[in-house]
Amino acid sequence: MEGYIHSVQSFSTLDGPGIRSVVFMAGCPLRCVYCHNPDTWTMTNLPKTEPSDLVGRLCRFIPYIKRGGVTFSGGEPLLQAEFISECTDALHEKGLKVAVDTCGNVYNSQVAKLLDNIDMALLDIKFTTEEDYRRHTGGSLKSTLDFMGELESRGIRTWIRHVVVPGLNDDAQDIERLKRIIEPYKVIEKTELLPFRKLCVEKYEKLGVKLRLADTPELTEERLKELEAVLYGD
Ligand code: SF4
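Here goes a summary of the coordinates provided. (Residues numbered from 1 in each chain as written. Predicted model: local features only at pLDDT ≥ 70, side-chain atom pairs only at ≥ 80, totals over all residues.)

**Let's talk about the site of the ligand**
What counts is decided by this rule: For each residue, a C-beta atom is placed from the backbone, and the residue counts as near a molecule or strand when that atom lies within 6 Å of it. Each residue receives one of three labels: charged for Asp, Glu, Lys and Arg, nonpolar for Ala, Val, Leu, Ile, Met, Phe, Trp, Tyr, Cys and Pro, and polar for the others, Gly being one of them.
Lining the immediate environment of the ligand, one finds C28, L30, R31, C32, C35, N37, T40, G74, G75, E76, C103 and T137. Broken down by class, the residue content of the shell around the ligand amounts to five nonpolar, five polar and two charged.

See the structure below:
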C-alpha cells in the first residue's frame with residue numbers, strides 16, 4: 001500500500017523520547033483554528049511513496065535515532081494507518097521504535113491493527129469541552145477520549161499535548177478541566193501545554209487560506225508558566 005507523505009524531518013527532539021525522525025503524513029479531516037501545518041491538509045499533487053522507499057530513507061538515520069525512533073505525524077497520520085502499519089513492521093525489524101502523533105479522531109479496523117503494533121502515542125487533546133472542540137477544530141472531544149480509551153486498554157505509553165490559545169482556552173478553568181480529563185488514565189506519562197504561536201502565517205499566505213487567529217496574540221511565557229502551575233500543582 002502506497003502513502004502520501006508531505007515531508008520528513010530527519011532529527012527532532014520534540015516529538016517523543018530521544019532523537020527521532022518525523023514523517024509528516026498528508027491529509028487531515030480537522031481544520032483547527034491554530035493549525036501550524038495547513039500545507040498538510042490535502043493529499044493532492046503529492047507523489048505516492050512505497051513503504052520500502054520510506055523505510056530505506058529512514059534507515060540512513062539509524063545511528064542517530066536507534067535510541068529514539070520514528071514518529072508519524074501530519075496532517076493526521078491515522079488516515080493512512082495501513083501504510084504506517086507496513087512501515088512499522090519494517091522499522092521494528094530494524095530495531096526502531098514507532099510513535100504516532102494524532103488528534104485521535106480517526107478510528108477503524110486499520111487503526112485498531114496499527115495500535116496493536118505501535119510503541120507509543122502523542123495525543124492532542126485540543127479543547128476540553130465538546131462545544132469548544134467542535135467549534136474550533138471541526139472534530140470531537142468524545143472521539144478523542146474514545147481513542148484515549150483504546151490506548152489505555154492496550155497499555156500504550158502516551159504523551160498528551162494541549163495547545164493554549166489566548167482568549168480560547170487560556171483560563172485556569174480550561175486547564176483544571178484538562179487535568180480532570182487525563183486523571184483516570186494510567187498510560188499517560190506526560191502532559192505538555194504548548195503556547196499558541198504564529199510562525200505559520202507565511203504558510204497561510206502562500207496557500208491563500210485565511211488564518212482565523214491572525215489578530216490573536218501569541219501566548220506569553222508568563223501565562224504559560226501560570227497555567228503549568230495549575231496543571232502540575234496539587
Ligand atoms: S489535527 Fe493537526 S494537522 Fe489537522 S488541522 Fe488540526 S492541528 Fe492541523
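**Side note on unusual backbone geometry**
One can expect most non-glycine residues to show negative phi and most peptide bonds to be in trans. Spelled out, the test is: Counting from the N terminus, the helices are DSSP H or I runs at least four residues long and the strands are E runs at least two residues long.
Omega for the peptide link from G74 to G75 comes to 20 degrees, which places this bond in the cis form. On the secondary structure map, G75 appears in the loop between strand 4 (69-73) and helix 3 (81-93).

**Some points on the packing of helix 7 (residues 172-182) against helix 9 (residues 221-232)**
Keep this limit in mind: The convention used is that axes are lines fitted to C-alpha atoms, helices contributing only their stretch in contact, and that angles between N-to-C directions extend from 0 to 180 degrees. In this scheme, a crossing is called left-handed if the near helix is turned counterclockwise away from the far one by less than a right angle; it is called right-handed if the turn is clockwise. The contact criterion used here is simple: two residues whose C-beta atoms, placed from the backbone, lie within 7 Å are in contact.
Packing of helix 7 against helix 9 leaves a shortest axis separation of 9 Å and a crossing angle of 35 degrees. Handedness of the helix 7/helix 9 crossing: right-handed. On helix 9, the residues that touch A172, I175, E176, L178 and K179 of helix 7 are L227, V230 and L231.

**Digging into the environment of P166**
Selection rule: Between the buried cut of 20 or more and the exposed cut of 12 or fewer other C-beta atoms within 10 Å of a residue's own C-beta lies the partly exposed class, and all C-beta atoms are placed from the backbone.
With respect to the element layout, P166 can be found in the loop between strand 7 (157-164) and helix 7. You can call P166 partly exposed: it has 16 C-beta atoms within 10 Å. Here the alpha-carbon distance between P166 and T216, two residues 50 residues apart in the chain, equals 6.9 Å. Discounting chain neighbours no more than four positions away, the residues touching P166 are F196, T216, P217 and L219.

**What about the sheet that holds strand 6 (residues 120-124)?**
Operational definition: Note: two strands are recorded as paired if DSSP finds a minimum of 2 bridges between them.
Overall, mixed pairing links the eight strands, which are arranged 3-1-2-4-5-6-7-8 in an open sheet. Looking at the sheet topology across the chains shown, the edges are occupied by strand 3 (48-49) and strand 8 (188-195). In this sheet, strand 4 lies alongside strand 2 (residues 20-25) in parallel orientation, the contact comprising five bridges. Bridge pairing links V22 to T71 in strand 4.

**Here we look at the packing of helix 1 (residues 51-59) against helix 3**
For any two helices packed against each other, one specifies the crossing angle of their axes together with the interaxial distance. Condition: Each angle is binned into one of four classes, with values under 35 degrees roughly parallel, values over 145 roughly antiparallel, values of 65 to 115 roughly perpendicular, and all other values oblique.
Taken N-terminus to C-terminus, the directions of helix 1 and helix 3 make an angle of 45 degrees; their axes are 9 Å apart at the nearest point. When the axes of helix 1 and helix 3 are compared, the pair comes out oblique. Where helix 1 crosses over helix 3, the handedness of that crossing is right-handed. Counted together, P51, L54, V55 and L58 of helix 1 and F83, E86, C87, A90 and L91 of helix 3 form the full contact between these two elements. Its residues placed into classes, the contact of helix 1 with helix 3 shows eight nonpolar, no polar and one charged.

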